[in-house]
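Breakdown of the fold
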Number of protein chains: 2
Amino acid sequence: MFQQITILGPGLLGASLAMAVKERGLATRVVTWSRRPESRAKCLGRNWCDAVLETPGEAVADSDLVVICTPVQTIVPLLAQIRPALAENALVTDVGSTKSLICREARNTLEGHSATFLGSHPMAGSEQAGMEHARADLFEKAACILTPLDDTSAQAIAKLSAFWESLGMILSSVSPEKHDEIVAHISHLPHLLASTLSGYLATQDDTWRNLAGGGLRDTTRIASGDPGLWKQILEQNRDEVLRAIDGFEQELHQFKAALLNDDSLAVITQLERGKAYRDRLRKS
Amino acid sequence: MFQQITILGPGLLGASLAMAVKERGLATRVVTWSRRPESRAKCLGRNWCDAVLETPGEAVADSDLVVICTPVQTIVPLLAQIRPALAENALVTDVGSTKSLICREARNTLEGHSATFLGSHPMAGSEQAGMEHARADLFEKAACILTPLDDTSAQAIAKLSAFWESLGMILSSVSPEKHDEIVAHISHLPHLLASTLSGYLATQDDTWRNLAGGGLRDTTRIASGDPGLWKQILEQNRDEVLRAIDGFEQELHQFKAALLNDDSLAVITQLERGKAYRDRLRKS
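Residues numbered from 1 in each chain as written. Chains lettered and ligands numbered in written order. Predicted model: local features only at pLDDT ≥ 70, side-chain atom pairs only at ≥ 80, totals over all residues.

Observations concerning the overall build of chain A
In terms of helices and strands, chain A carries 11 helices and nine strands. Taking 19 Å as the expected radius of gyration for a compact globule of 284 residues, we find that chain A reaches 21 Å, a close match to that expectation. Contacts in chain A between residues far apart in sequence, at least 24 positions, make up 75% of those at least 6 positions apart. (Helix = DSSP H or I, 4+ residues; strand = E, 2+ residues; numbered from the N terminus. Rg over C-alpha atoms; globule rule 2.2 N^0.38 Å. Contact = placed C-beta atoms within 7 Å.)

Some remarks on the interface of chain B and chain A
Where the parts come together, the accessible area they lose is often given as the size of the interface. Each partner contributes residues to the interface: chain B has 75 residues there, and chain A has 75 residues. Contributing elements (two or more residues each) for the side of chain B that touches chain A: strand E8 (143-147), helix H7 (176-201), helix H8 (214-220), helix H9 (227-236), helix H10 (238-260) and helix H11 (264-279) of chain B. For the side of chain B that touches chain A, the element with the most residues is H7(B), which contributes 16 residues. Considering only residue class, the side of chain B that touches chain A consists of 38 nonpolar, 21 polar and 16 charged. (Nonpolar A, V, L, I, M, F, W, Y, C, P; charged D, E, K, R; others polar.)

With respect to the relation of the copies chain B and chain A
Both copies of the chain are related through a single rotation about an axis accompanied by a shift along the same axis. Expressed as a screw operation, the relation of chain B to chain A combines 0.0 Å of axial shift with a rotation of 180 degrees, fitting to an RMSD of 0.0 Å. Such values leave the two copies arranged in the relation of a two-fold axis. Closest approach to the rotation axis among the C-alpha atoms of chain B is made by B:Thr219, whose C-alpha sits 2.0 Å away. Same-surface contact between copies: 100% of interface residues of chain B are shared with the interface of chain A. (Least-squares fit on C-alpha atoms with pLDDT ≥ 70 in both.)

Thoughts on the packing of helix H9 (residues 227-236) of chain A against H11(B)
Direction vectors running N to C along H9(A) and H11(B) enclose 130 degrees, while the axes themselves pass 9 Å from each other. As far as their axial angle goes, H11(B) and H9(A) are oblique. The crossing of H9(A) and H11(B) is right-handed. Side by side, H9(A) and H11(B) meet where A:Pro227, A:Trp230, A:Lys231, A:Leu234 and A:Glu235 of the first sit next to B:Ser264, B:Val267, B:Ile268, B:Leu271, B:Glu272 and B:Lys275 of the second. Partitioning the contact of H9(A) with H11(B) into residue classes produces six nonpolar, one polar and four charged. (Axes fitted to C-alpha atoms, helices over the stretch in contact; angles between N-to-C directions. Parallel < 35°, antiparallel > 145°, perpendicular 65-115°, else oblique. Left-handed = near helix turned anticlockwise from the far one by under 90°.)

Right, here's the structure in full:
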């Protein structure tokens, strides 16, 4: 499908992607680069990696697909850095959790170059970070959102869609702005709530944690995610996240009022609405 | 350990308990009763059940341990119903998620009888309900909270502790009031938040659900719990739950202010506190 794919930033997502590409034979060569020398050393000799290069420019030089898998704030700076080295008509994408800012700035960065940037957001991952947790099946049956701009070529969209679909992903395509509104609700708000609940419980008696059951563990699992990565995500999507928090607060206020007023019908209606939504979420 | 154990209400918890008791040989006989004839019929012929009786009185008549596994609002009414049939010195417990009201009323109900009520709250279960989902290992390595009153005999506490420990549970003992404060925070608040998040997302674009990743699925899993059961739990523990919501709202307000004020240090501090708490929760 591609001659050479470069993965910049082989962490959980990047290394999983390299494994999956190799396993499914989606590229002749997989090349990686990582900012940290220790990470580059760790990539050497892995069977999912044909070459590890010292600079991002060298790593992208002969690739027809470049996937930037670094934290969201470094995606555009890295794109600017590799621009001079990008091959003619190269396709560049990312796996960042925010899109408006990145896609707008990426277009400006590549202005006048034949390479195309098209944003991707594979809804895969976990609270774990690092290539140690990478696995080839990470993307299977998960959703992937492409965020083309008005002038993104149909060819680039088709090619990148086919790539993610080859990894077993279920593709959708929306504008970067719509993407940010959606993930503020279905990903960033849940993360922030899990983190807030954990942070609140941290202010209570420390021994209570030993009594917790599976419910609390599941509800707060994603709070274990990397604070540095999530700070960047929440800040890049600040306005949409704030709107989602406001909406949630209103819903919580309603639930609280129902309890406060001993309004049994309202309490059960709230619980039933929540259950109906949750029961219809996709299983895996 | 016991000659005969009666399980009233063989749903997920009750049937799992019967299975575990049989598997570990903790009683010579296990007797059940269920309010619904269909459930009684389903119990017949199960290898974890020696007899199914038509009335709760008949079911408890010769038992030295009775475990009431019905929804919280029916525990005390059922105790009043079985009182005349309870054996001399019988030990009665429950598996309800609230304790103050139940333990106080249970003491009054058994006044003048040689039987003892001692509340239990095994922190096991799931969003699934019904004996179809029962399993003998449900209680292993989970926490179990006993809620003795000041005048509960040391013998009853020792006997019931040994029983739950024989099922692999990790025992704690606190007053019913303290129990309700604790579970308002570590169980009822998480449930209410999962339900509120699901209910809020139900008001948004219906197609967004297809894009959700594992984070949303985990965060909202318990929202699938039975609304009827949870309405009773939230209402019985109303005051403590309202206090826990207030505390959570303040924490959420802080997080929101940090984002609103572009206070990066405060944002990362919030995320780090949440992670630190979550990383220290017991694994299973």
